[in-house]
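# Report on the structure
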Amino acid sequence: MLLENMSMAIHAIKANKMRSFLTMLGIIIGIGSVIAIVSIGDTMRFMVSDIYKNAGVTLAYVYVWPKDGGDMRESDYFTLDEMDRLKEVFGDEISYIDSNASTNAEAVFGRNKVKYQFEGIFSNYPEVQKINIIYGRNLNEADIKGRKNNVVLEAKGAKELFGTENAVGKTFRTTIYGTTDDYNVVGIYKEDLNPFEAMMAGTNATRSGYVPDSLLTWPNDNIYGLRLYAKEGTDMNAFSDTFTSYLAKTKNRNKEDVTFYSVSSEMGSADTIMGGLSAAVGGIAAISLLVGGIGIMNIMLVSVTERTREIGIRKALGAKTRDVLIQFLTESAILSALGGILGVAVGGGLVLLGGTLFHMKVVIKPSVILVAVGFSALVGLFFGIYPASKAAKADPIDALRYE
Amino acid sequence: MWKKKDKLPACVTENVREDLIKLVDVVKVYDTGSIKVLGLKRVNLTIKRGEFVAIMGQSGSGKSTLMNILGCLDRPTMGHFYLDGIDTAELSADELSAIRNRKIGFVFQSFNLIARTSALKNVELPMTYAHISKKTREERALMLLERVGLGKRYEHMPNELSGGQRQRVAIARALANEPPLIMADEPTGNLDTASSVEIMELFSQLHREGATVVLVTHEENIAAFAGRIIRFRDGQLVSDLPNVPQSQGQEETAKTEKEGAPC
């Protein structure tokens, strides 16, 4: 009987193709926009988590900053010795620590000038962040200790500056902290960017390179903040707490004045933003489905009136109240679910098209599709109740007489 | 669904099983709000199984009201209507639906086939509401269409069939659940003479095969096919006479008319 009702419903929907389509339009647009927005959100979330995975969930930035707006003290800065001491004290947690120093400088080679952002690192940096060396070598202990003018450049920038990617052994001139000097290229690396990062980098003409951290902290070694990578499996919250307490004590500051900013806490806030976005999408969906549902109720009322005679015939031939009710409920549910399916096709199509245009891997979850179609069917069912019960209550004699 | 079937009213006697239709002091009042109209005034009537009865009368005579009550589309205001021993006065709307489904086959003046639905599906409809399996439904519907001479047109939509063919589909549909009673309400009202005679011949044939047929009409030559003619006027039964069916003679007249028609 259910199959029978479904085939009758599809029959009735097909009989008025244009009208059915226009009725479904509300649901199509509603479900389509929901699918599109949810998929865009999921894609973004996927990329953000990808970026964080690259950045490392164990990454944290630490600095002292008086919350009451007071002046910085000399003791608020860090020194190289202090960094070594912290590494000793928190040997179980910290795997890498540096000054988080970087500087922007223009590299000059012959007539070529390229803007660079040089990031100061220690020689064991590749242990926590992959540097994909294609020519030459990474910075080593001797480079750091000897404060040597050795740099590792990213391949694209090297090609712009030297005209070749393999620039190992070449020398360029640049000015760091007001001092102009010659710098030697010891290695070239290639960046593995995900599409989102590539998109961001695309507008950025600044190239990147690594220099010994000690070059950037020179000459007074007053370090404003720390960048550290905790060891894999470290409980970042607990570590943040003990580390902050320790620093507050050694620097004679309140605990609130020490900022411990970790990627995992940032990830939490990103999830909050996504959650807010999802709530907004839910609101849009609710409104569009409400409007779509009212459209379906309207057309079902028209349909019931038009088919009064058919209802009369069915009742005369033995259809019970329930039979007629289910027939029209099935019809409105299928009409609405069909709108949902088309909406998924439209929304999913748009997202896939966008993904192709921007060379992005898009995420469309099957669960979202199922929920969308299921929910649209429920909307049809709900808004079909009134028209269907009107049909079911019709008196067979009056209905048969209806012209 | 059939709880009421065997629970016959206390007054039922043995010969009631032979009485397919029994009306006892049936009164129907239409309450139109301001005035009350008396549709039927104390009608008593019995129709036995296997009879072919024509109910005649002018419009407003009460024959349509009677038709609605006999067809279980409506209930009497007062009195009792026993169909196959069941008192319909006490039944709910859904119970009446079930009775119509199993006990009555309707043939209407305006055919009342479901539009854009094949002849086969139309014939299947009463069986669908009787929850008969799809396979049985299809087989039986095909057989019935064959029987009314439309075996090859089962896939046709109603608008692809002539009036006479549509009415034959309706007759096949009326026979679908093998109901004990066939109710025909002006079945030839929308047909030309030739088709009318064909349809009436079909009813006569069904009657000869044992069906009980109640025919409502205002045309004498259509009523002449019946074995008993009941006349109504002003909501009352005014005459109830046996009739010798003139089937054969009518057929010849029809044939000449048929042949003459194209000119």
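Not measured: the values here are computed from a predicted model. (Residues numbered from 1 in each chain as written. Chains lettered and ligands numbered in written order. Predicted model: local features only at pLDDT ≥ 70, side-chain atom pairs only at ≥ 80, totals over all residues. Heavy atoms only, no water.)

### Quick word on the overall build of chain A
Broken down by element type, chain A carries 13 helices and 11 strands. Each of the 403 residues in chain A was classed as buried or not, and the buried ones make up 45%. Across chain A, the fraction of contacts at a sequence separation of at least 24, relative to all contacts at a separation of at least 6, is 78%. Entry remark: accessible area of chain A is about 20200 Å², with carbon and sulfur atoms responsible for 60%. (Helix = DSSP H or I, 4+ residues; strand = E, 2+ residues; numbered from the N terminus. Buried < 20%, exposed > 50% of the residue type's maximum accessible area, 1.4 Å probe, protein only. Contact = heavy atoms within 4.5 Å. Areas by Shrake-Rupley, 256 points an atom, 1.4 Å probe, with all protein chains shown as cover.)

### Quick word on the interface of chain B and chain A
On the side of chain A, 21 residues touch chain B, which itself brings 25 residues to the contact. Between chain B and chain A, a total of about 2100 Å² is buried, with carbon and sulfur atoms accounting for 58% of that surface. At the junction of chain B with chain A, the criterion picks out 2 salt bridges. Close ionic contact of A:Glu4 with B:Arg137 constitutes a salt bridge, the shortest N to O distance being 2.7 Å. Summed over the shared surface of chain B and chain A, the result is 10 residue pairs in polar contact (both at pLDDT 80 or more). The set of elements that each furnish at least two residues to the side of chain B that touches chain A consists of α3 (93–103) and α4 (119–129) of chain B. Counted by class, the side of chain B that touches chain A contains 10 nonpolar, 8 polar and 7 charged residues. (Buried area = accessible area lost by both parts, 1.4 Å probe. Salt bridge = Lys/Arg side-chain N within 4 Å of Asp/Glu carboxyl O. Polar contact = N/O pair within 3.5 Å; in protein donor to acceptor, adjacent residues only side chain to side chain. Nonpolar A, V, L, I, M, F, W, Y, C, P; charged D, E, K, R; others polar.)

### Section: the nonpolar core
Taken as a class, soluble globular proteins show a tendency for nonpolar side chains to be buried jointly. Counting residues in each nonpolar core, the largest one holds 67 residues, and the members touching the most others are B:Ile21, B:Leu23, B:Leu70 and B:Leu83. Top element by residues in this core is helix α12 (residues 366–393) of chain A. It accounts for 7 residues. Counting residues in each nonpolar core, the second largest holds 39 residues, with B:Phe52, B:Ala54, B:Ala211 and B:Ile222 among its members. (Core = buried A, V, L, I, M, F, W, Y, C linked by side-chain atoms within 4.5 Å.)

### A short note on the pairing of strand β11 (residues 258–262) of chain A
Residues and elements named next belong to chain A. Most of β11 sits out of view: 4 of its 5 residues are buried. Where strand β1 (residues 59–64) meets β11, 5 bridges bridge the pair, whose relative direction is antiparallel. When the sheet's bridge partners are listed, Tyr 61 is paired in β11 with Tyr 261. (Pairing = 2+ DSSP bridges.)

### Considering helix α8 (residues 236–250) of chain A
Residues and elements named next belong to chain A. Between its first and last C-alpha, α8 extends 21 Å over 15 residues, near the 21 Å set by a 1.5 Å rise per residue. Those residues of α8 that sit buried are Met 236, Phe 239, Ser 240, Phe 243, Thr 244, Leu 247 and Ala 248. Looking straight down α8, one finds its buried side chains confined to an arc of 155°; they lie on one side. (Expected span 1.5 Å × (residues − 1). Arc of directions from axis to C-beta.)

### Thoughts on the UniProt feature "transmembrane region" (unreviewed entry) in chain A
In the numbering adopted here, UniProt assigns the feature "transmembrane region" (unreviewed entry) to residues 21–41, 279–304, 325–355 and 367–386 of chain A. The distance from the first to the last C-alpha atom of residues 279–304 of chain A is 37 Å, and the span holds 100% helix and 0% strand. (UniProt positions renumbered as here; feature names shortened; annotations may be inferred.)

### Some details on the packing of α4(B) against helix α6 (residues 163–174) of chain B
All names here are of chain B. Running from amino to carboxyl end, α4 crosses α6 at an angle of 30°, the nearest separation of the two axes being 8 Å. In terms of their interaxial angle, α4 and α6 are classed as roughly parallel. The two elements α4 and α6 cross, and the hand of that crossing is right-handed. The residues of α6 that touch α4, namely those facing Ala 119, Asn 122, Val 123 and Pro 126, are Val 169, Ala 172 and Arg 173. In the contact of α4 with α6, the residues fall into 5 nonpolar, 1 polar and 1 charged. (Axes fitted to C-alpha atoms, helices over the stretch in contact; angles between N-to-C directions. Parallel < 35°, antiparallel > 145°, perpendicular 65-115°, else oblique. Left-handed = near helix turned anticlockwise from the far one by under 90°.)

### Some words on the packing of aromatic side chains
Working definition: an aromatic ring pair is given by the centre-to-centre distance plus the angle between the planes. Residues and elements named next belong to chain A. Per the counting criterion, the structure on display carries 19 aromatic pairs over all chains. Feature note: the residues Phe 109, Tyr 116, Phe 118, Phe 162, Phe 172 and Tyr 183 constitute an aromatic cluster, connected by ring pairs. A cation over an aromatic ring shows up here: Lys 251 above the ring of Phe 78, its NZ or CZ 4.4 Å from the ring centre. (Phe/Tyr/Trp six-rings, centres within 6.5 Å; stacked < 30°, edge-to-face > 60°. Lys NZ or Arg CZ within 6 Å of the ring centre and 35° of its normal.)

### Digging into the pairing of strand β7 (residues 171–176) of chain A
Residues and elements named next belong to chain A. Residue alternation in β7 divides its side chains into a buried set, Phe 172, Thr 174 and Ile 176, and an unburied set, Thr 171, Arg 173 and Thr 175. Pairing analysis gives 6 bridges linking β7 to strand β8 (residues 179–190), with the strands arranged antiparallel. When the sheet's bridge partners are listed, Thr 175 is paired in β8 with Thr 180. Remark: 2 residues form the turn of the hairpin made by β7 and β8, two consecutive strands paired antiparallel; Tyr 177 in that turn has positive phi of roughly 55°.

### Notes on the confidence of the model for chain A
On average, residues of chain A score 86 in pLDDT, and 92% of them are at 70 or above. Per-residue pLDDT, averaged within each element of chain A, yields its smallest value for helix α6 (residues 195–202) of chain A (62) and its largest for helix α10 (residues 308–316) of chain A (95). (pLDDT = per-residue confidence, 0-100.)

### Some thoughts on a nonpolar patch on the surface
Residue and element names in this part refer to chain A. Taken together, Met 18, Phe 21, Leu 22, Leu 25, Ile 29 and Leu 342 make up a surface patch of nonpolar side chains, about 550 Å² in accessible area. By residue number, the principal contributor to the nonpolar patch is helix α2 (residues 17–55), which donates 5 residues. Structurally, Leu 22 is set in helix α2. Judged by relative accessible area, Leu 22 falls into the partly exposed class, the value being 48%. (Patch = residues over 30% accessible without salt bridge, like charges linked within 9 Å, V, L, I, M, F, W, Y side chains within 5 Å.)

### Things to note about the sheet that holds strand β10 (residues 225–230) of chain A
Each strand in a sheet pairs with another by means of backbone hydrogen bonds, the pair being arranged parallel or else antiparallel. Residues and elements named next belong to chain A. Spatial strand order, β2-β10-β1-β11: 4 strands in an open sheet with antiparallel pairing. Each edge of the sheet is formed by a strand with only one pairing partner; in this case those strands are β2 (94–98) and β11. Here the strands of the sheet are splayed against their neighbours by 20° on average, with no regard to which way each runs. Where β1 and β10 come together, 5 bridges link them in antiparallel fashion. Residue pairing across strands places Ala 60 opposite Leu 228, the latter belonging to β10. Against the sheet, helix α3 (residues 80–89) touches β2 and β10, its axis set at about 170° to β2.

### Section: the pattern of salt bridges
Think of it this way: side chains of opposite charge can pair up when their charged atoms draw near. Residue and element names in this part refer to chain B. Under the counting rule described, the total for this entry stands at 31 salt bridges over all chains. Linking Arg 168 and Glu 198 is a salt bridge whose minimum nitrogen-to-oxygen distance equals 3.6 Å. One end of the pair, Arg 168, is in helix α6; the other, Glu 198, is in helix α7 (residues 193–208), and 30 residues separate them in sequence. Judged by its relative accessible area of 33%, Glu 198 falls in the partly exposed class. In this structure, Asp 240 and Arg 228 form a salt bridge, with 2.8 Å as the shortest nitrogen-oxygen distance. Taken together, the positions of Asp 240 in strand β10 (residues 236–242) and Arg 228 in strand β9 (residues 228–233) put the pair 12 residues apart, joining distant regions of the chain. Note on Asp 240: relative accessible area 33%, which makes it partly exposed. Judged by its relative accessible area of 13%, Arg 228 is buried.

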